[in-house]
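# Commentary on secondary and tertiary structure
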Amino acid sequence: YGWHVIGPIDGMDVESVDIALKEARVRLDMPSLIICSTVIGYGSPGKQGTSSSHGEPLGETEVNLMRETLSWEYSEPFTIPEQALNHFRIALNRGKEQQSQWETLFERYRVIYPKAAEELTSSVSGDLPDGWDDNLSELFQTEKRSIATREASGQVMNLISDKIHHFIGGSADLGPSNKTILNDRSHYSIENHGGHNFHFGVREHAMGAITNGMALHGGIMPYAATFLIFSDYMRPPMRLAALMKLGVIYVFTHDSIGLGEDGPTHQPVEQLLSLRAIPNMVVVRPADAIETIGAWKIAIQRKNGPTALALSRQNLPILDREADVSIDDVGKGGYVLSRGSEEPDVILIATGSEVQ
């Protein structure tokens, strides 16, 4: 359902693959799935069709036999035939020509739509607009009720969206629960490529891969949302985001064991620790609505790696703070919330919903 399926085809036949790719490019109304039947280790007479062609080196003798089988006439390793080299070098001139066409088009666009062109240039450069966080610090100053950090996060996100046009993302079919829907933005679809709300479906792994692609492309500040327990499904692309230093933001709600009727299957116990163990992954677990503002400020300003926010489903009181404490203290990783005395006998350290 929803896929244009091609094949199975002979994946070892160049002409068949070429025809399938051309057919897939024509379909713009749905994704195409090309099914190729292939042989592992193809061309190696001693290891073709066996697992050893994957997990072990072929060895010099087998490499020579493979050259004979595939009629490869070059004995030196890593030889690039002149014909292949000339073919790939066509891309140099083609790229220059397309770049020139784009620059000409964009200059025309800049004349007709100067504000939109400036917005696009700023987005691609990754610059944050002046005053993007002006209204954040006052957001919960008069709030008297307890409020879940997922709900506080949703309010912060919508304020950020008003200022940062390239702030775009979505949820794995949990938008209303994650509170990640941008209210004044439309929804991305095949009919609306200008939508800011993505509906990734129940597929965390794909969501993580897609947001990695957005960050690599540039011009977009992507976020991905799901329950914290389901971060396990997204672990490979999250680890890659950390390795590649991509500024993807992960919004994980339903943190802690305080989930009531959702039960133990939805209670993340080991997930928080495992996320904190990923090198170059910053994990922030705000204790209340005020810290949630600070958490988002960290995530928005971080450019050299992913940030994960662990947010509560249950309501949390807004904590009383010392007079010299500011929202930006969250960025220090820890701060003194309340002092019993100047020379304490005990220091209590906590994060998230347990701080209260």
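Look a little higher up for the structure.
The following paragraphs examine the structure supplied in this document. (Residues numbered from 1 in each chain as written. Predicted model: local features only at pLDDT ≥ 70, side-chain atom pairs only at ≥ 80, totals over all residues. Heavy atoms only, no water.)

### Regarding the environment of Leu105
Inspection of the secondary structure puts Leu105 in helix α4 (residues 82-112). Residue classification places Leu105 among the partly exposed positions, given a relative accessible area of 44%. In sequence terms Leu105 and Pro31 are 74 residues apart; their C-alpha atoms lie 29 Å from each other. (Helix = DSSP H or I, 4+ residues; strand = E, 2+ residues; numbered from the N terminus. Buried < 20%, exposed > 50% of the residue type's maximum accessible area, 1.4 Å probe, protein only.)

### Considering the packing of helix α6 (residues 149-163) against helix α11 (residues 289-301)
Running from amino to carboxyl end, α6 crosses α11 at an angle of 45°, the nearest separation of the two axes being 9 Å. Comparing their axes, α11 and α6 come out oblique. Viewed along their axes, α6 and α11 form a crossing whose handedness is right-handed. Within the contact between the two elements, α6 uses Thr149, Ala152, Ser153, Val156, Met157 and Ile160 and α11 uses Ala289, Thr292, Ile293, Trp296 and Ile300. Considering only residue class, the contact of α6 with α11 consists of 8 nonpolar, 3 polar and no charged. (Axes fitted to C-alpha atoms, helices over the stretch in contact; angles between N-to-C directions. Parallel < 35°, antiparallel > 145°, perpendicular 65-115°, else oblique. Left-handed = near helix turned anticlockwise from the far one by under 90°. Contact = heavy atoms within 4.5 Å. Nonpolar A, V, L, I, M, F, W, Y, C, P; charged D, E, K, R; others polar.)

### Describing the sheet that holds strand β7 (residues 282-284)
Spatially, the 6 strands line up as an open sheet ordered β4-β3-β5-β6-β8-β7, and their pairing is parallel. Edge positions in the sheet fall to β4 (197-199) and β7, since each has one partner strand and no second. Shown here is a sheet whose adjacent strand axes are inclined to one another by a mean of 20°, direction ignored. Relative to strand β6 (residues 249-255), strand β5 (residues 221-227) is paired through 5 bridges, and the arrangement is parallel. Across the sheet, residue Thr226 finds its bridge partner in β6, namely Phe252. (Pairing = 2+ DSSP bridges.)

### Let's talk about the packing of aromatic side chains
For the coordinates displayed, the defined rule picks out 11 aromatic pairs. When the centroid spacing of 5.7 Å and the interplanar angle of 20° are considered together, the rings of Phe198 and Phe200 count as stacked. Phe200 shares its class with Phe198; the two are buried. The interplanar angle of 10° and the centroid separation of 5.6 Å between the aromatic rings of Phe230 and Tyr233 together place this pair among those described as stacked. Residue class for Phe230 comes out buried when judged on its relative accessible area of 17%. (Phe/Tyr/Trp six-rings, centres within 6.5 Å; stacked < 30°, edge-to-face > 60°.)

### Focus on helix α3 (residues 60-69)
Residues of α3 that are buried: Glu62, Met66 and Arg67. One side of α3 holds all its buried residues, which, seen down the axis, span an arc of 145°. In α3, those exposed residues whose orientation departs by more than 90 degrees from the buried face are Glu60, Thr61 and Glu68. Positive backbone phi, at 55°, marks Ser71, one or two positions downstream of α3. (Arc of directions from axis to C-beta.)

These figures come from the coordinates and say nothing about function on their own.
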